Amino acid sequence: GAAGDTAGGFAAAELPADLAAASHGALSRGGGAPPSEAPKVLTNAVLQGDAETVLRELHELTIGGKELGRLVGDLLNHFRNLMVYQVSKGDINLLEISEAEKTALTEQAKHTDNHAVSRILEVLTDCEMQLRNATSKKILVEVSLIKAIEIGSTMSLNDVLVKLQKLRDEGG
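Counting restarts for each chain, with residues numbered from 1 along the sequence as it is written. Per-residue local features are limited, in this predicted model, to residues with pLDDT of at least 70; the limit for side-chain atom pairs, both in listing and counting, is 80 or more; totals at the level of whole chains, interfaces and linings are taken over all residues. The basis for every side-chain value is the complete set of heavy atoms in the structure, and neither hydrogens nor water enter the calculation.

Caption draft 1: Spotlight on the confidence of the model for the chain. Averaged over all residues, the pLDDT of the chain equals 80, while 75% of them reach at least 70. Each residue gets a pLDDT score, which is the predictor's confidence in that residue and runs from 0 to 100. Note on definitions: a residue-residue contact is assigned when non-hydrogen atoms from the two residues lie within 4.5 Å. For residues 1-30, every residue scores under 50 in pLDDT, and the model assigns this stretch 56 contacts once sequence neighbours within four places are set aside.

Here it is as structure tokens:
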């Protein structure tokens with residue numbers, strides 16, 4: 001089936017080149033993404049399972065003075081928008097977003113499902129609450145983003161069953 005037919009995570013090799021380029025492009029410019037692009041770049045990398053890009057971007061942002069609590073809040077907002085976009089079947093009237101954000105959400109929504117986004121939101125919410133008392137804030141954010149990658153790259157049980165049924169139907 002098409003990418004939109006399946007729920008759950010995708011291996012990096014299964015993602016289209018434009019999504020991969022969107023996150024890797026930030027690195028090739030040097031110095032990481034502009035701060036306003038950080039949530040989109042990090043979201044793309046999380047959905048791709050690209051831990052290296054996530055860690056590099058986080059490093060560049062912290063060197064550039066980005067406050068980690070603000071970054072986690074920005075990521076929460078972006079993943080929340082992704083969830084609303086998915087649940088509303090692309091109705092942007094529920095969101096106050098730019099055209100560029102709409103384009104990013106449209107592409108990102110093709111590569112994940114509500115369940116994964118919901119679980120990623122839980123990880124980021126936990127991270128935000130723990131940040132207040134954490135002495136090693138950067139480590140907490142790094143670990144949380146790696147957990148988000150694991151969620152984003154894990155197929156749901158339903159997806160596994162659908163794939164198995166498809167293989168069975170094809171005689172494989």
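Caption draft 2: Layout of the pattern of salt bridges. For this analysis, a salt bridge means a side-chain nitrogen from Lys or Arg found within 4 Å of a carboxyl oxygen belonging to Asp or Glu. Tallying each qualifying case throughout the model produces five salt bridges. Salt-bridge contacts for R70 lead to D74; the nearest nitrogen and oxygen are separated by 3.4 Å. A residue pair is termed a helical-turn pair when its members lie 3 or 4 positions apart in one helix, as R70 and D74 do in helix α4 (residues 68-87) at four residues. Burial classes: relative accessible area under 20% of the type maximum marks a residue as buried, over 50% as exposed, and values in between as partly exposed (1.4 Å probe, protein chains only). The exposed category is assigned to R70, whose relative accessible area is 54%. The partner of E107 in a salt bridge is K110, with the nearest N and O atoms 3.4 Å apart. You can call E107 buried: its relative accessible area is 16%. Ionic contacts of the salt-bridge type, sharing partners, join the residues K66, R70 and D74 into one network. Segments assigned H or I by DSSP are reported as helices when at least four residues long, segments assigned E as strands when at least two residues long, and all are numbered from the N terminus.

Caption draft 3: Spotlight on the side chain of S144. With respect to the helices and strands, S144 occurs in helix α7 (residues 137-152). Taking the relative accessible area as the measure of exposure, S144 reaches 5% and is therefore buried. Of the polar contacts made by the side chain of S144, one reaches the backbone oxygen of L140; its length is 2.9 Å. Under the rule applied, a polar contact is a pair of N or O atoms within 3.5 Å (in protein, one hydrogen donor and one hydrogen acceptor; residues adjacent in sequence only if both atoms are side-chain atoms).

Caption draft 4: Molecular detail of the environment of T106. Note on placement: T106 falls in helix α5 (residues 99-109). On the basis of relative accessibility, which here comes to 28%, the residue T106 falls in the partly exposed class. With 16 residues separating them in the primary sequence, T106 and G90 have C-alpha atoms 7.4 Å apart. Side-chain polar atoms of T106 contact the backbone oxygen of K102, separated by 2.8 Å.

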